Structures are given as structure tokens and as C-alpha cells.
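# Coordinate inspection notes
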Number of protein chains: 2
Amino acid sequence: MRATVHVRLKRSVLDPQGQAIHQAVRTLGYEGIREIRQGKYFEIELEEGLSPERARALLERLAHEVLANPVLEEYWVEIEGDAR
Amino acid sequence: MRATVHVRLKRSVLDPQGQAIHQAVRTLGYEGIREIRQGKYFEIELEEGLSPERARALLERLAHEVLANPVLEEYWVEIEGDAR
């Protein structure tokens, strides 16, 4: 079973990395871009036999405890074939 | 108009960062996870008035020239409301 976890800074948190990229892109002459914010994501391959419910619970815990910093970041879990 | 660009290492390229996270997660006692690979993504806000075609061309160029290293990485562009 495959899943992804996306992690990004909360909207209220400044994203200097995204701002630096935006600035560089402007310097390079790209026009039409208002804002760039950078996030990360994880592609996770799970053992077969996990139910979608258990997989989601596992990944929510993993995201909250390991992959994201919940003070500054928000995250969401997507499991292939389990639209929720 | 909002868009996202995802960038990840090609499958054939080793992902030591993902492996380190996987190892840490195993040490913490998480079970049921076979593999973790880490990628990055960019949330991009475009000026209003760009057509989806021009926006896509702009973002493909930006991804290829700036956001990704096409030797090692692959990328894909998604534009909100323009399923392709």
C-alpha cells in the first residue's frame, strides 16, 4: 500500500526559503509569479495487509510525532485508493 | 491561480535522507513501514490573467531550470482547476 504525507509551514509562519527562491526566480527574469512557498512530502510504502484504517492511524501518528513539527507546520495524509 | 510543483529523486537514485528517516522510525518502534522516500513540493501563486496554457509552460520551465535537477530528479506540475 502506498501513501503520501505532505508537510508545510502554517500560513502564519514566515517561509524564508520560499521567499529566497521567489527572489532568485524574479532575478532570473520569470514574470507572473506572486509567491512561492516550499514544503516537503514523503512517499511511504506500507506492508501489505494493513487495513486503510490502521494505515491512516499509523501515518497520522508518524506525521505528528516524527515528520512534522506541529507547532510550526501542518500536514496531511493521503492513502492510495482510500479517498477521504 | 494556484499551482504546485512536486520534485523527487528518480527511482534509480539512492535517497539517504529517506533511509535515515526510515531507520529512525524503526528505532522508535513504528511497524508496518517498508520504505520512506522524501521529496519536496512548491506551492506557487500566479498572477491572475495567465491562461492555464501559459501558466503550465511557465511552471514547466521553472521546474526544469530552477526547482529541480533534471539529472537526478523528476518533477510534475499541477494547476488548480486544470486537470491534465
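Residues numbered from 1 in each chain as written. Chains lettered and ligands numbered in written order. Predicted model: local features only at pLDDT ≥ 70, side-chain atom pairs only at ≥ 80, totals over all residues. Heavy atoms only, no water.

Below, the discussion takes up the pairing of strand 2 (residues 33-46) of chain B. Of all 14 residues in strand 2 of chain B, eleven are buried; the element is thus mostly enclosed. With 13 bridges connecting them, strand 2 (residues 33-46) of chain A and strand 2 of chain B associate as antiparallel partners. By the bridge assignment, Ile44 of chain A is partnered in strand 2 of chain B with Ile36 of chain B. When strand 1 (residues 2-9) of chain B meets strand 2 of chain B, the two strands line up antiparallel, connected through six bridges. The residue of strand 2 of chain B that forms the bridge with Arg2 of chain B is Glu45 of chain B. (Buried < 20%, exposed > 50% of the residue type's maximum accessible area, 1.4 Å probe, protein only. Helix = DSSP H or I, 4+ residues; strand = E, 2+ residues; numbered from the N terminus. Pairing = 2+ DSSP bridges.)

For the structure on display, the rule yields two aromatic pairs over all chains. A centroid spacing of 6.3 Å and a plane angle of 85° characterise the contact between Trp76 of chain A and Tyr41 of chain B, whose relative ring orientation is edge-to-face. Linking Trp76 of chain A in strand 3 (residues 73-79) with Tyr41 of chain B in strand 2, this pair reaches from one chain into another. On the basis of relative accessible area, Trp76 of chain A is assigned to the partly exposed category, the value being 30%. Residue classification places Tyr41 of chain B among the buried positions, given a relative accessible area of 1%. (Phe/Tyr/Trp six-rings, centres within 6.5 Å; stacked < 30°, edge-to-face > 60°.)

Turning our eyes to something else, we now look at the confidence of the model for chain A. Here chain A averages 95 in pLDDT, and 98% of its residues register 70 or above. Reported confidences for the modelled complex are a pTM of 0.92 and an ipTM of 0.91. (pLDDT = per-residue confidence, 0-100.)

Looking now at the interface of chain B and chain A. Counting residues at the interface gives 35 residues for chain B and 35 residues for chain A. With both chains or domains summed, chain B and chain A bury close to 3100 Å², and 56% of this area falls on carbon and sulfur atoms. Contact with chain A buries area across many residues of chain B, yet Tyr30, Arg34 and Tyr41 of chain B alone supply 23% of it, more than any other trio. The interface formed by chain B and chain A includes eight salt bridges. Salt-bridge contacts for Glu48 of chain A lead to Arg34 of chain B; the nearest nitrogen and oxygen are separated by 4.0 Å. Inspection of the region where chain B meets chain A yields 15 residue pairs in polar contact (both at pLDDT 80 or more). Looking at the side of chain B that touches chain A, the elements that each hand over two or more residues are strand 1, helix 1 (16-27), strand 2 and helix 2 (52-67) of chain B. Considering each element in turn, the side of chain B that touches chain A owes the most residues, 14 residues, to strand 2 of chain B. Across the side of chain B that touches chain A, the residue classes tally to 17 nonpolar, four polar and 14 charged. (Contact = heavy atoms within 4.5 Å. Buried area = accessible area lost by both parts, 1.4 Å probe. Salt bridge = Lys/Arg side-chain N within 4 Å of Asp/Glu carboxyl O. Polar contact = N/O pair within 3.5 Å; in protein donor to acceptor, adjacent residues only side chain to side chain. Nonpolar A, V, L, I, M, F, W, Y, C, P; charged D, E, K, R; others polar.)

Below, the discussion takes up the pattern of salt bridges. This structure, assessed with the given rule, holds 19 salt bridges over all chains. In this structure, Glu35 of chain A and Arg11 of chain A form a salt bridge, with 3.3 Å as the shortest nitrogen-oxygen distance. Here Glu35 of chain A is found in strand 2, whereas its partner Arg11 of chain A is found in the loop between strand 1 (2-9) and helix 1 (16-27), with 24 residues between them in sequence. For Glu35 of chain A, a relative accessible area of 27% gives the class partly exposed. Put simply, Glu45 of chain A and Arg34 of chain B hold a salt bridge, and the shortest N to O gap is 3.9 Å. Taken as a pair, Glu45 of chain A in strand 2 and Arg34 of chain B in strand 2 lie in two separate chains rather than in one. Using a relative accessible area of 16% as the deciding quantity, one classes Glu45 of chain A as buried. Taken together, the shared-partner salt bridges in this structure form one network comprising Arg8, Arg34 and Glu74 of chain A together with Arg2, Glu43, Glu45, Glu47, Glu48 and Glu80 of chain B.

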